[in-house]
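# Structural characterization, general
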Amino acid sequence: MASRFGRDELKARLRAASPAVLPSLLASDFAHLEQEIKRVEQAGVTALHLDVMDGHFVPNISFGIPIVEAVRRVTDLPLDVHLMIARPDEYAERFRKAGADSITIHVEAARDPRPVLDRIRSLGALAGLALNPPTPLPAIEASLPLCDIVLVMSVMPGFGGQHFEQVALEKLQALRDRSDCDALLEVDGGVNAETAGACAEAGAELLVAGTAVFSHDDYATAIEEIRFAAVGKKLSIKADRN
Ligand code: DX5
Ligand code: ZN
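Considered for burial, the residues of helix 3 (residues 65–74) that qualify are I65, V68, V71 and R72. For helix 3, the angular spread of buried residues about the axis comes to 125°, placing them on one side. Facing away from the buried side of helix 3 by over 90 degrees, the exposed positions are P66 and R73. Elements that come into contact with the buried residues of helix 3 comprise helix 2 (33–42), strand 2 (48–53), strand 3 (79–84) and helix 4 (92–98).

Given below as structure tokens:
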């Protein structure tokens, strides 16, 4: 399926939905992937988050190109593909062809992320750059002008179900306060109804949630609880500023 959105349109759509909860399919039941996707679609989500792990960049293997293609066939939702892989430059085009609408690579995996981000943009996808909890913001400084998304990891990548690391909040705040950064701010790892408020308050616009959504009996309720926690904080910040 060809992508339905241009880059600018998709970015505006994601921003308009902020704070948006993006379910991470990593925590879904792969034996019933289509039903799982329909259930979060019915909950009204704006996009899906797909975690690709290669067993090299992270000590775990999840899924790759054929699963992204399969997901593309059963949904029109934008696919936010998070590449936790070594050599992302060699694979970006194939993930785009498979149906990715945004492709996020890790700064720790690329000697210079800029040509890869540029390539992702030229393929028509939003270009994202992720950084792990121990990686300081200056590591992405030179690449910021090429980022449509900055993904601030709040766990070490590789596994769902980990505890949220507070260091992510400082990075989100610092990025939010920069007038020269127009990238969408995304947070990933340990996001739930308890941590979402702090994330939104710190400036996160896209909240990735795996376990908190798929371990709940009712996905719509789980998503609503996370979003409610985030919206409250976002509105209170706005009110404080007025
Ligand atoms: C971590 C992945 C996350 C993960 C989030 O390596 O990038 O997207 O699936 O899962 P939870 O929400 O369970 O921390
Ligand atoms: Zn992820």
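Moving on: the site of ligand 1. Taken together, 20 residues are adjacent to ligand 1, and D51, G158, D188, G210 and T211 come closest. Between ligand 1 and G161, the relevant distance is 2.8 Å, taken from an oxygen atom to a main-chain nitrogen or oxygen of the residue. When ligand 1 is considered free in solution it has 380 Å² of accessible area, and contact with the protein chains removes 99% of it. Listed by contribution, the elements that provide at least two residues to the shell around ligand 1 are strand 2, strand 3 and strand 8 (206–209). Looking at the shell around ligand 1, the element that brings in the most residues is strand 2, giving three residues.

Parameters at a glance
- Residues numbered from 1 in each chain as written.
- Chains lettered and ligands numbered in written order.
- Predicted model: local features only at pLDDT ≥ 70, side-chain atom pairs only at ≥ 80, totals over all residues.
- Heavy atoms only, no water.
- Buried < 20%, exposed > 50% of the residue type's maximum accessible area, 1.4 Å probe, protein only.
- Helix = DSSP H or I, 4+ residues; strand = E, 2+ residues; numbered from the N terminus.
- Arc of directions from axis to C-beta.
- Contact = heavy atoms within 4.5 Å.
- Near = heavy atom within 4 Å.
- Polar contact = N/O pair within 3.5 Å; in protein donor to acceptor, adjacent residues only side chain to side chain.
- Areas by Shrake-Rupley, 256 points an atom, 1.4 Å probe, with all protein chains shown as cover.

Note that every value here comes from positions in space, so none of it alone points to a role or purpose.
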